[in-house]
Amino acid sequence: ISEFTKSDLVGFLGISPEKITVVPLGVDTGIFKPMQGCAEYLKNRFALEGDYILHVGTLENRKNLLPLMDAFELIRHRHPQLKLVLAGSPGKGFEQIREKMQRSGLEKSIRCLGYLESDQDLPCLYNGASAFVFPSLYEGFGLPVLEAFACGTPVAASNGTSIPEVAGDAALLFDPRAPDDIAKKVLRILEEADLAQTLREKSKARLCAHTWAETAKKTLRIYKNIGENR
């Protein structure tokens, strides 16, 4: 699903690169799209009001949430009313996340929403967010980046593994192990309206190459080539 995953297969399993075809994932723009009325929906559904930055994914170590929380503390020095919303089920390392919230006094500013049961929850959360932040240490693809793009939400994301490949120049990339760099890039999105709009425009171009129809066409082409070469 990415050139990065292909390189892992070659490096760890010794598979010949010629035997691997990369077929990127897509995003359903019928579901993930700019929407109206999300503020009222989020208020009624989650009692969520005001400005927030969003992370989507299982709450586990690989998602690198502890440095994100450190970055959030830095961001709040300039935006004290801002919230951090974590959408996803608890995973390995969640106890550390909860303990850090308690120690830092951020419990009222960080919302852990858990697993999202309604199909409308996630698109509305993307739409309502001031920025989407994706600090993962390891991703084979990084589908939430495309989902945020499709909803018109500016993205700040990790500069590691497959994420730059997916985001291209449509996101601000940061060192995921450096909270100050994470904070710096998120603050730019929050405070530079022209930059945020430029990212939105660039993200539209990225989406053109990441549709499920394109994924299906490339997959079908592989099966046809196999059939012709048998």
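These numbers come from a predicted model, not from an experiment.

> I tried to follow the packing of helix α2 (residues 38-46) against helix α5 (residues 121-128) on my own but got confused; where do I start?
Geometrically, a packed helix pair is captured by the angle between its two axes and the distance between the axes. At a closest axis distance of 9 Å, the pairing of α2 and α5 adopts a crossing angle of 120°. Classified by the angle their axes make, α2 and α5 are oblique. As for the relative orientation of α2 and α5, their crossing is left-handed in sense. Contacts between α2 and α5 involve C38, Y41, L42, R45 and F46 from the first element and D121, C124, L125, N127 and G128 from the second.

> Got a minute to help me understand the nonpolar core in this structure?
One broad rule of soluble globular proteins: the nonpolar side chains tend to lie buried together. Ranked by size, the top nonpolar core spans 36 residues in total, and within it L54, L125, Y126 and F149 carry the most contacts. Looking at this core, the elements that each hand over two or more residues are α2, β1 (52-56), β2 (83-87), α5, β4 (131-134), α6 (143-150), β5 (155-158) and α7 (163-167). The dominant element in this core, judged by the number of residues it contributes, is α6, at 5 residues.

> How should I be thinking about the side chain of S136 in this particular structure?
Mapped onto the elements, S136 comes out in the loop between β4 and α6. By relative accessible area, S136 is classed as buried at 0%. In terms of polar contacts, S136 uses its side chain to reach the side chain of E139, at 2.8 Å. In this structure S136 touches R62, K63, N64, S158, I163 and P176, once residues within four positions along its chain are discounted.

How each quantity is defined
- Residues numbered from 1 in each chain as written.
- Predicted model: local features only at pLDDT ≥ 70, side-chain atom pairs only at ≥ 80, totals over all residues.
- Heavy atoms only, no water.
- Axes fitted to C-alpha atoms, helices over the stretch in contact; angles between N-to-C directions.
- Helix = DSSP H or I, 4+ residues; strand = E, 2+ residues; numbered from the N terminus.
- Parallel < 35°, antiparallel > 145°, perpendicular 65-115°, else oblique.
- Left-handed = near helix turned anticlockwise from the far one by under 90°.
- Contact = heavy atoms within 4.5 Å.
- Core = buried A, V, L, I, M, F, W, Y, C linked by side-chain atoms within 4.5 Å.
- Buried < 20%, exposed > 50% of the residue type's maximum accessible area, 1.4 Å probe, protein only.
- Polar contact = N/O pair within 3.5 Å; in protein donor to acceptor, adjacent residues only side chain to side chain.

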